[in-house]
Amino acid sequence: MSRLPTDSLAFALLHAAQAVAAVGAGRSLADGLPAGVPASARPAVQDLTYSTLRRFGRDDFFLDRLLAQPLSEPVVHALLLVALQRLETRPQAAHVTVDQAVEAAGHLSGGRLRGLVNGVLRNYLRQAAGLALAADADPVAGTRHPAWWTAALQSAWPGDWQAIVDAGNAAPPMALRVNRRRTTRDAYRSVLAAADIATRPVGEAGLALARPLPVDRLPGFVDGLLSVQDPGAQRAAELLAPAPGSRVLDACAAPGGKTAHLLEMADLDLLALDLKPSRCRRIEENLARLGLTATVRAADCARPDTWWDGRPFDAVLADVPCSASGVVRRHPDAKWLRRAEDIAGFAASQARILDALWQLVRPGGKLLYATCSLFPEENAGQIARFLARHPTARRCHEEQLLPDADHDGFYYCLLAKPD
C-alpha cells in the first residue's frame, strides 16, 4: 500500500488518531506528537488532535450509538473520534472527511476496517441532528468534561462553572510578551500593525492577538523580541517582582517562560530548576533565544539537600505541578488523563514543595505560590493549610483568575517571611 501524501487530510487524520490513541493509553501531549509527522504537516495534525481531545465524551457518546460493539483497535477507535469531530464542526466538508477517513483506515489493521469506518461515518451523517440533541442533554457529552470534574467546578464555582466549562471547550486565545530588554511594547505593536497583525495591550508587557498565528509569522520571534505567553501566566513575574540584584529561585521552571519574564524585568542572580534534563534544555534554549542568562539545573526542588548551596533566596517562584484544570483548553489531554483521586495527590506534592522551599527564603523575603488550577484544594485550601503549619508567614496578595476570552485560569498567592 502506498504511503499517504503528507499534505493530505488522510495523513493528518491518521496521525491525529495515533496521538489521540496515545493519550487514551495514558501518554501526555507534552511528550509530543507521534513520530513521522513532518513540520509541514504538524499544524493540521495538531489542530485535529487538540480539537478532538477538547470534545471529551461527545464523540464517544456518538460511537456508543453507532457501533454494534466496542472496537478493540484503539487507533481505529481514535480515527473515528477525530473524523466525527470534523464532521460535526465542518459539515460542509462531510464528503471529503468520510473519503479521507476511509483512506486513512486503509493504513490501519491491514485495511480490514475500511468498510466499518465508512459505514459508521455515513450512519452518523444520517442521524447527526438527533445524535447532537441527545448529546447536548447528556451530562458528560454536553459539558465535554468528566462528570467528577464538572461536579468539582459546580461545587467550587456555582455561579461561574458553566462559563468555565464553555471556556475549556474553546480554542485558547494567543498572547505575546514583549522582551523589554530588546524593544518596547508600543514599538513592537507598531511592527505587528505594519505586518497587518492586529493586537491590543494586556498586562504590563503583553499583547493579545486578534487571532492566533504560527510563531514564524511573528516578526522578530527568532531574534528574541518576544515570547508567546498567556496574560494570566504573565502575572507571576509581575506579582513576584524581585528587586534588581536579587537572588531568585524559579523552582519548577520549564519551559522557561516565567524565568525569562523575570530576567526581562531586572538583572537577577536566578537559579531555574526542573526535574528532567530534557526540560532544562528547553529552558536554556528559550533563554538563549531571548539573550538572557540564568543558572539552570535538573533537580528536585522538594529535596534541597541534593542541590541547595545554603545561601537563602530573596524571592522564590513556586509554580507547582497541578491538575491543569485552568488551562484545559490549552492542554486538553488533562481531561482524559486526570482522575478525581489525583487531586489529593497533587495537593500532597504541592505541600511538600511549599514546605521545602519556604526554608530557603531569607527573613524578609517572599515566595509566590502559583498553579494553573481552579480546584480550591490546590489553591486557597492549600494556602490555608500552609499558614496553619507556618503561622508567622504573611499572605500579602491572593488572586484567582478564571479562564475567559483574555486569559487562562491561574491562582497566585504571595507569601512574605518575617524579618
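Below you will find a few notes about this structure. (Residues numbered from 1 in each chain as written. Predicted model: local features only at pLDDT ≥ 70, side-chain atom pairs only at ≥ 80, totals over all residues. Heavy atoms only, no water.)

**Observations concerning the packing of helix 15 (residues 342-358) against helix 16 (residues 380-389)**
Interaxial distance between helix 15 and helix 16 falls to 11 Å at its minimum, and their mutual angle equals 40 degrees. One finds that helix 15 runs oblique with respect to helix 16. As for how helix 15 packs across helix 16, the hand of that crossing is right-handed. The residues of helix 16 that touch helix 15, namely those facing Ala347, Gln350, Ala351, Leu354, Asp355 and Trp358, are Gln382, Ile383, Arg385, Phe386 and Arg389. In terms of residue class, the contact of helix 15 with helix 16 is made up of six nonpolar, two polar and three charged. (Axes fitted to C-alpha atoms, helices over the stretch in contact; angles between N-to-C directions. Helix = DSSP H or I, 4+ residues; strand = E, 2+ residues; numbered from the N terminus. Parallel < 35°, antiparallel > 145°, perpendicular 65-115°, else oblique. Left-handed = near helix turned anticlockwise from the far one by under 90°. Contact = heavy atoms within 4.5 Å. Nonpolar A, V, L, I, M, F, W, Y, C, P; charged D, E, K, R; others polar.)

**Re unusual backbone geometry**
The step from Ala254 to Pro255 runs through a cis peptide bond, and the omega angle for that step is 5 degrees. Positionally, Pro255 belongs in the loop between strand 5 (247-250) and helix 12 (257-265). Non-glycine residue Ser109 carries a positive phi angle of around 50 degrees. Inspection of the secondary structure puts Ser109 in the loop between helix 5 (94-105) and helix 6 (114-137).

**Here's the deal with the sheet that holds strand 11 (residues 410-416)**
The strand order across the open sheet formed by seven strands is 7-6-5-8-9-11-10, and the pairing between neighbours is mixed. Unpaired on one side and paired on the other, strand 7 (295-298) and strand 10 (394-401) mark the two borders of the sheet. Within this sheet the neighbouring strands show an average axis-to-axis angle of 15 degrees, counted without direction. Where helix 12 meets the sheet, its contacts fall on strand 5, strand 6 (269-274), strand 8 (313-319) and strand 11, and the angle it forms with strand 6 comes to roughly 175 degrees. Packed onto the sheet, helix 16 meets strand 9 (361-371), strand 10 and strand 11 and runs at close to 20 degrees relative to strand 11. (Pairing = 2+ DSSP bridges.)

**Some remarks on the nonpolar core**
Burial of nonpolar side chains together is a common tendency in soluble globular proteins. Of all hydrophobic cores here, the largest spans 53 residues; its most connected members are Leu13, Phe62, Leu84, Val117 and Leu121. Counting residues per element, the ones that place at least two in this core are helix 1 (9-24), helix 2 (42-53), helix 3 (58-66), helix 4 (74-89), helix 5 and helix 6. Excluding its chain neighbours within four sequence positions, the residues that come into contact with Leu13 are Leu48, Leu79, Val82, Thr97, Gln100, Ala101 and Ala104. With 44 residues, the next largest nonpolar core counts Leu153, Ala236, Val248 and Leu290 among its residues. (Core = buried A, V, L, I, M, F, W, Y, C linked by side-chain atoms within 4.5 Å. Buried < 20%, exposed > 50% of the residue type's maximum accessible area, 1.4 Å probe, protein only.)

**Some remarks on the pattern of salt bridges**
Applying the stated criterion across every chain, the model contains 23 salt bridges. The partner of Glu399 in a salt bridge is Arg235, with the nearest N and O atoms 2.9 Å apart. A residue pair is termed long-range when its members are at least 10 positions apart, and Glu399 in strand 10 and Arg235 in helix 11 (residues 231-240) qualify at 164 residues. You can call Glu399 buried: its relative accessible area is 15%. A salt bridge links Asp319 to Lys258, with the nearest nitrogen and oxygen atoms 3.0 Å apart. Placement of the pair is Asp319 in strand 8 and Lys258 in helix 12, with a sequence separation of 61 residues. When sorted by exposure, Asp319 lands in the same class as Lys258, which is buried. A cluster of three or more residues bridged by salt bridges with shared partners is formed by Arg55, Arg58, Asp59, Glu88 and Asp136. (Salt bridge = Lys/Arg side-chain N within 4 Å of Asp/Glu carboxyl O.)

Keep in mind these numbers describe shape, not what the thing actually does.
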